[in-house]
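Observations on chain architecture
Residue strings, one per chain:
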Amino acid sequence: MDKKQIVFDALKNVRYPGTGKNIVESGMVQPDDIKVEDNKVYIDIHFERPTDPFVKSIVKAAETAVTTFGSPDLEVKGNVTPHYRQQLPESDSHPLKDVSNIIAVSSGKGGVGKSTVAANLAVALAAEGYKVGLLDADIFGPSVPKMFGIEDYQLYMHKVDGRDLIIPAERYGVKILSIGFLVDKNSAVIWRGAMASNALKQLISDVEWGELDYFLIDMPPGTSDIHLTLVQQLPITGAVIVSTPQEVALADARKGIAMFREPKIDVPVLGIVENMAWFTPERHPDERYYIFGKEGAANLAKELNVPLLAEIPVTESICDSGDNGHPVALDRNITAQAFAHLAREVIDAVDKRNSTLPPTKAVITK
């Protein structure tokens, strides 16, 4: 009996848990799927879909069966390859096909100024001449409408290729959409996770975003099913993590970075922004008071080997601008300069990411 037949017979001892039949009987492996070169064995096993929960266990069981029921001299470990009859949709099947770069602006905890950074980064990118969109995905605490002074904006829809699409608001060169446009600004949004996720999907897919160079997503704080919805729906180019220098914020920022680096998500982290890095009085721009700690985010960036994109100081103007609907990035002061610097650093980080890494794929689950 030749070695190929020995391997084929050995695989009859591998049962697929979903049906109870062995993988040969189930048609998951045929004689032509086996190749033997000297003592090296190569096997292709066919599954219905990439999300099959038994892929890893079947591959391991096939390796064990060949050496146990075939011959211990056969080298098969690492040479069993799963194939799928149903392929996942390609990354270009996502609803933002005309968007070049999708950037998640995220933080491990609330209160670190993530929305302020997202809003001003969007304005600063638009000032550089780019086409920019901003989605306020913080379903339970939307603040972008107030920051742009458009809390009472009335959304409109029109038909595009037979579909009713929302027309996003536009201010300071940025296309903007927020759940805040659809709910009472004085009432709490009390939704279960599934309701929030479905609302977010509509804000992504049922909108005429058009061609954009950068699409920024102001993520909710923490790590939740909203984050999972976003990485399932969209191939996110990279994430920008916002933190203050405080240890409690840095601990949560570390968790946020770990989430994006999770193998099943695998979104590149473009870098960290240290917000509220120090306080500077408007009339004394050379003075710095480190009221929330010093260089905490810079140290975290070194520890996790990610770039420190910018340090944003606290000034009176940044607080006033957020309340008055006039992003500070529009002004000419040290905080505006910091956001202009951040925009250029993000542009460079995205260019570097796109030149060295393949496009991120949406995490499609069934």
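Residues numbered from 1 in each chain as written. Predicted model: local features only at pLDDT ≥ 70, side-chain atom pairs only at ≥ 80, totals over all residues. Heavy atoms only, no water.

Let's talk about the overall build of the protein chain
We count it as follows: Note on conventions: DSSP H or I runs of at least 4 residues are helices, E runs of at least 2 residues are strands, and numbering of each starts at the N terminus. Each residue is placed in one exposure class: buried if its accessible area under a 1.4 Å probe, protein chains only, is under 20% of its type's maximum, exposed if it is over 50%, and partly exposed if it falls in between. Contacts were defined at the residue level, with two residues in contact if any of their heavy atoms lie within 4.5 Å. Exposure was quantified through the Shrake-Rupley algorithm and a 1.4 Å probe, taking into account, for residues, occlusion by the shown protein chains and nothing else.
Per the secondary structure count, the protein chain includes 10 helices and 13 strands. Taken across its 366 residues, the protein chain has 48% of its residues classed as buried. Put simply, of all contacts in the protein chain between residues at least 6 apart along the chain, 74% involve residues at least 24 apart. Put simply, the protein chain shows about 18,300 Å² of open surface, and 48% of that area lies on carbon and sulfur atoms.

Looking at the packing of aromatic side chains
What counts, and what does not: Aromatic pairing here means that ring centres of Phe, Tyr or Trp (its six-membered ring) are within 6.5 Å. Orientation follows from the plane angle: under 30 degrees is stacked, over 60 is edge-to-face, and everything else is tilted.
Summed over all chains, the structure comprises seven aromatic pairs. Between Tyr153 and Phe181, the aromatic rings sit 5.5 Å apart at their centres with planes inclined by 50 degrees, giving tilted as the arrangement. With Tyr153 in the loop between helix 4 (144-147) and strand 6 (156-160) and Phe181 in the loop between strand 9 (174-178) and helix 5 (193-205), the pair connects residues that are 28 residues apart, well separated along the chain. The class of Tyr153 is partly exposed, set by a relative accessible area of 28%.

Considerations on the environment of His227
In this fold, His227 is placed in helix 6 (residues 225-233). Under the relative-accessibility criterion, His227 is labelled buried at 2%. In the structure, His227 is positioned 123 residues away from Ala104 in sequence and 9.5 Å away in space, judged by C-alpha atoms.

Quick notes on the sheet that holds strand 8 (residues 169-171)
Applied cut-off: A pair of strands is considered paired only if DSSP assigns at least 2 bridges between the two. Only the stretch in contact is used when a helix axis is fitted, and all axes are lines through C-alpha atoms; the angle between N-to-C directions ranges over 0 to 180 degrees.
In spatial order, the strands read 8-9-5-10-4-11-12-13; together these eight strands make up an open sheet with mixed pairing. Both outer strands of the open sheet, strand 8 and strand 13 (308-314), are each paired with one neighbouring strand and no more. Averaged over neighbouring strand pairs, the angle between their axes works out to 25 degrees when direction is ignored. Bridge count for strand 11 (residues 238-243) against strand 12 (residues 269-279) is five bridges, and the pairing is parallel. By the bridge assignment for strand 12, Ile241 is matched with Ile272. On the sheet, helix 3 (residues 114-127) packs against strand 4 (99-106), strand 5 (132-136), strand 9, strand 10 (212-218), strand 11 and strand 12 and is oriented at approximately 170 degrees with respect to strand 10. Where helix 10 (residues 334-356) meets the sheet, it contacts strand 4, strand 10, strand 11, strand 12 and strand 13, and its direction lies at approximately 165 degrees from that of strand 13.

Section: the pairing of strand 10
On a regular strand, one side chain projects to one face of the sheet and the next to the other, so that they alternate. Within strand 10, six of the seven residues are buried, which leaves it mostly tucked inside the rest of the structure. Of the strand pairs in this sheet, strand 4 and strand 10 are connected by six bridges, and their pairing is parallel. When the sheet's bridge partners are listed, Val99 is paired in strand 10 with Leu212. In this structure, strand 5 lies alongside strand 10, joined through five bridges in parallel fashion. Its bridge partner lying in strand 10, Leu135 is registered against Ile217.

Regarding the pattern of salt bridges
Two side chains of opposite charge can pair, provided their charged atoms sit close to one another. The following threshold applies: Basic side-chain nitrogens of Lys or Arg form a salt bridge, by our definition, when they fall within 4 Å of a carboxyl oxygen of Asp or Glu.
Inspection of every chain in the model, using the stated rule, returns eight salt bridges. Among the salt bridges present, the one from Lys35 reaches Glu37, with a minimum N-O distance of 3.0 Å. Residue Lys35 is classed as partly exposed on the basis of its relative accessible area, which comes to 47%. The shortest N-O distance in the salt bridge between Glu128 and Arg344 comes to 3.3 Å. Here Glu128, found in the loop between helix 3 and strand 5, pairs with Arg344, found in helix 10; they are 216 residues apart in sequence, far enough to count as distant.

As for the side chain of Asn275
We count it as follows: Any pair of nitrogen or oxygen atoms within 3.5 Å is treated as a polar contact; in protein, a donor-acceptor pairing is required on top of that, and neighbouring residues in sequence qualify only through side-chain atoms on both sides.
Secondary-structure assignment places Asn275 in strand 12. Looking at Asn275, its side chain comes within polar contact range of the main-chain oxygen of Val112, at 2.9 Å. For Asn275, the contacting residues outside a window of four places in its chain are Val112, Gly113, Val117, Val242, Ser243, Thr244, Pro245 and Ile312.

As for the packing of helix 3 against helix 10
Between two packed helices, both the angle of their axes relative to each other and the distance between the axes serve to describe the pair. The condition that has to hold: Here roughly perpendicular refers to angles of 65 to 115 degrees, roughly parallel to angles under 35, roughly antiparallel to angles over 145, and oblique to all remaining angles. Only Asp, Glu, Lys and Arg are considered charged, only Ala, Val, Leu, Ile, Met, Phe, Trp, Tyr, Cys and Pro nonpolar, and every remaining residue, Gly among them, polar.
Two elements in contact, helix 3 and helix 10, have axes whose closest approach is 9 Å; the angle formed by their N-to-C orientations is 75 degrees. With respect to their mutual orientation, helix 3 and helix 10 come out roughly perpendicular. Contacts between helix 3 and helix 10 involve Thr116, Val117, Asn120, Leu121, Ala124 and Leu125 on the former and, on the latter, Phe339, Ala340, Leu342, Ala343, Val346 and Ile347. For the contact of helix 3 with helix 10, the residue count by class is 10 nonpolar, two polar and no charged.

Regarding the pairing of strand 9
With respect to burial, strand 9 is a largely interior element, four of its five residues being buried. As defined by bridge partners, strand 5 adjoins strand 9 across five bridges and the pair is classed as parallel. Across the sheet, the residue bridging to Leu135 is Leu177, located in strand 9. Where strand 8 lies against strand 9, three bridges are found, and the strand directions are antiparallel. What sits directly across from Arg171, in strand 9, is Val174. In this antiparallel pair of consecutive strands, strand 8 and strand 9, the connection spans two residues, and Tyr172 shows a positive phi of 55 degrees.

Distances and angles like these do not, on their own, reveal function.
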